[in-house]
Amino acid sequence: MNVKRIIVNLCRLIIAVTFIFAGYVKAIDPLGTQYKIQDYLTALNLRSYIPDWVTLGTSVGLSAVEFTLGILMLFAIRRRLTSRLIAVLMSVMTLITVWLVAADPVKDCGCFGEIIVLTNTESLIKNIGLLICAITVAVWPLRMVRFISQSNQWIIINYTIIFILMSAGYSLYKLPQFDFRPYRIGVNIKAGMKIPPGAPKPKFETTFLMRKNGVEKVFTLADYPDSTWQFVDSKTVQTEAGYVPPIHDFAIERLSDGQDITNEVLSDSGYTFLLIAPHLEQADDSNFGAIDQVYEYAQEEHIPFYCLTASTQKAITKWEDITGAEYPFCTADETTLKTIIRSNPGLVLLKNGTIIRKWSHNDLPKSDELNAPLQQLDIGKIPTDSVPSKILRILLWFALPLFLLTVADRMWAWTRWLKQKEDSNKIYQRLKRKKKMRKKIVAGNWKMNLNLQEGVALAKELNAALTAEKPNCGVIICTPFIHLASVADVLNQDVIGLGAENCADKEKGAFTGEVSAEMVKSTGAQYVILGHSERRQYYNDTPETLKEKVLLALKNDLKVIFCIGETLEEREANKQNEVCKAELEGSVFNLSAEEFKNIIIAYEPIWAIGTGKTATADQAEEIHAFVRSVIAEKYGKEVAEETTILYGGSCKASNAPELFSKPDIDGGLIGGASLKAADFKGIIDAWKK
């Protein structure tokens, strides 16, 4: 591995870990991220113009984007697109932190939620480093080592998006799964407010502006002048911050009399319920009945119950009118209340100043849980659910499935590598060909060409030539509907099989112009082409209609030549595997293994049909091998090995030998070259070379 590859992959891992961590900590605290977004809007004087649902949606969306991009980067999924998106995102984030450093509108950018708090300068340094990494990866995205193959990447993408959105939804409905704020469960609020002995204290400096004889001069306490100087002004500034305790803004004032009851609440040796509602005018009132039940329980058990809010008297009165609340109200700092619990309203249980439990308004204790004194109930005790156990659950639900998928995918890739090595061995290929039992076929698709007389004449010419010189493969001609009965009369179907180019997706009825599978069978035909790209493109054959056509064809004992293939745009986007797999899954993978044995697959790169362009033999073999592997995943290796897969796309006598030499190409579906007996026979004879 060269130095450039090492650097790119190191940068890729740094970005991935940072984005996954940042996205996850935002997702499990979407309200906290919303508050930070609102801080930015306030600094820009835009807060009043943006509704809360927009900021909340932005919070969830931002966390999902960061987390998903981190996972995509980790697994090197959509390498070009992912690396470019991250580079653009980091450019924007870096510009924002430049503004933060210059204007200082907020003290913390909120990059890592409440877990890691960075100053604006630290955030800028971090973003510059990530931007350098992002640009490095964006310049050389293909040097990232893939951990999982392209065919399985969709699993990781969808699983990641579902996981992160469910994590955010759970945290919104209940409470954040991890709480890193000063008011987490188990914390004693009074202890969190104490300043330890010897802790550095804030320092201040006072300066004095003095005047004498018309001259003004600034003095400090150290050089304060004599009385001949006249005082003008003074200024005091903080020179050193000193120690700030984790909890420094907790204060409760009773609304009824304006009395501070902070110490009373925190010193109570029993239990206390605190209903936290930063803004009652925005609080969810759908569960006020459950709140009232807890309040009634508190009264019965003589447990103090207070509602803490930063709302005005008008908002409190409105809340009382809506909910019938009878509990006492107290005022507290808005930011403090938002920090205590991420729910509006939310319920907190204290005992002797220690936070015992927290509940979202969606998850309040039920009446059957409040059937005894709190000291006898589980909800009256600190939960035993530890942070390590929560982390283990997350790993089991998200990380472990991805790890197992990666291991399985790498093992599958290893077996494919071994298979390719085997296939590159000429001796092994000869032995393998001898062991193969699947049928080799060259099928002609006349499309909308030749009138009845011309079609019958061509059929007779082919019949005579192939009867005289037996082919080394199966031969099929698929003709327009009007030819079928007449051509059937002149063909020796032991030598040349006969097929139709399409059939209806209805069994019978008032469907003017359609031809049913039963009608096709009655002409003497044995095969039918379904899913041809021209039928999909010009006549809107969908996966569902094709599924019906396939079922009706098999019901009438017709073998199906089922076409799959990608457009030029899809090939250039490297989506050919996804397209082919989706077309199989959409129309034929509903069949049983026994029914599937009547299916012949025709891979037709749409960009090579009638254009003169041909997929190289290696390109064709690669997609044929992939299709066979997909069939093996669905029906098992035995069925896959028995399935005939044809190549269709400007196949001619000149390139047929090279194409047919590939182990997974079992013949061709021939278009224009099947309209002349000599050209068609030249392709058939490729099996003799």
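Residues numbered from 1 in each chain as written. Predicted model: local features only at pLDDT ≥ 70, side-chain atom pairs only at ≥ 80, totals over all residues. Heavy atoms only, no water.

Basically, it comes down to this: UniProt positions are given in the numbering used here, feature names are shortened, and annotations may be inferred rather than shown by experiment.
An unreviewed UniProt entry lists the protein under the name Triosephosphate isomerase, from Hoylesella pleuritidis F0068. You can read under Catalytic activity (unreviewed entry) in the UniProt record for the protein the words "D-glyceraldehyde 3-phosphate = dihydroxyacetone phosphate". For the record of the protein, the UniProt heading Subunit (unreviewed entry) holds the text "Homodimer."

## So, the state of the cysteines
Condition: Any two cysteine sulfur atoms lying within 2.5 Å of each other are counted as a disulfide. Between buried and exposed lies partly exposed: a residue is buried under 20% and exposed over 50% of the maximum accessible area for its type, with that area taken using a 1.4 Å probe on protein chains only.
The final tally for this structure, using the stated rule, is one disulfide. Each disulfide pairs two cysteine sulfurs, and for Cys-109 the partner residue is Cys-111, the sulfurs being separated by 2.2 Å. One disulfide, between Cys-109 and Cys-111, carries an S-S torsion of -130 degrees and so falls in the left-handed class. Comparing Cys-109 with Cys-111 shows no difference in burial state: the two are buried. For the unlinked cysteine Cys-580, the closest cysteine sulfur is that of Cys-563, found at 11 Å. Lacking any disulfide linkage, Cys-651 is separated from the closest cysteine sulfur, that of Cys-473, by 11 Å. Given a relative accessible area of 5%, Cys-651 falls into the buried group.

## Focus on the sheet that holds strand 5 (residues 271-277)
Worth spelling out the cut-off: What makes two strands pair is DSSP finding at least two bridges between them. Strands are runs of DSSP state E lasting at least 2 residues, helices are runs of H or I lasting at least 4, and numbering of each runs from the N terminus.
Overall, mixed pairing links the six strands, which are arranged 4-7-6-5-8-9 in an open sheet. Sheet topology places strand 4 (253-254) and strand 9 (354-360) at the edges, where each strand pairs with a single neighbour.

## Quick look at the pairing of strand 6 (residues 305-309)
Rule in force here: Handedness of a crossover is defined as follows: with both strands directed away from the viewer, a clockwise route from the first strand across the helix to the second makes it right-handed.
Along strand 6, five of the five residues are buried, which leaves the element largely enclosed by surrounding structure. Note that strand 5 and strand 6 share five bridges and pair parallel. What sits directly across from Leu-274, in strand 6, is Tyr-306. Traced from strand 5 through helix 9 (residues 288-300) to strand 6, the parallel crossover comes out right-handed. By the bridge criterion, three bridges tie strand 6 to strand 7 (residues 329-331) in an arrangement that is parallel. Paired with Leu-308 across the two strands is Cys-330, which belongs to strand 7.

## A word on the UniProt feature "active site" (unreviewed entry) in the protein
Those places that UniProt annotates as "active site" (unreviewed entry) correspond, in this numbering, to His-532 and Glu-604. Despite a sequence span of 73 residues, these residues sit close together in the fold, their greatest C-alpha distance being 8.3 Å.

## Side note on helix 20 (residues 576-587)
Applied cut-off: Multiplying one less than the number of residues by 1.5 Å gives the expected span of a helix.
Along its twelve residues, helix 20 runs 17 Å from first to last C-alpha, staying within 8% of the 16 Å computed at 1.5 Å per residue. Of all the positions in helix 20, only Gln-576, Val-579, Cys-580, Lys-581, Glu-583, Leu-584, Gly-586 and Ser-587 are classed as buried.

## Some thoughts on empty space enclosed by the protein
Our working rule: Lining residues are defined by having an atom within 4 Å of a point belonging to a cavity or pocket. Those points lie on a 1 Å grid over the protein atoms alone, cavities being sets where a 1.4 Å probe fits but cannot get out and pockets being open sets with protein on both sides within 12 Å along at least five of seven lines. Grid points are joined across faces, edges and corners, and a volume is the space filled by probe spheres set on the points. Polar here means any residue other than Ala, Val, Leu, Ile, Met, Phe, Trp, Tyr, Cys and Pro, which are nonpolar, and Asp, Glu, Lys and Arg, which are charged; Gly is therefore polar.
One pass over the full model with this rule turns up three cavities of 30 Å³ or more. By volume, the largest cavity is sized at about 70 Å³. Forming the walls of the largest cavity are Val-25, Ile-28, Asp-29, Gly-113, Glu-114, Ile-115, Phe-178, Asp-179, Phe-180 and Arg-181. The residue inventory of the lining of the largest cavity, partitioned by class, reads five nonpolar, one polar and four charged. Roughly 40 Å³ of internal volume is contained in the second largest cavity. Lining the second largest cavity we find Ser-151, Asn-152, Trp-412, Lys-581, Phe-626, Ser-629, Val-630 and Glu-633.

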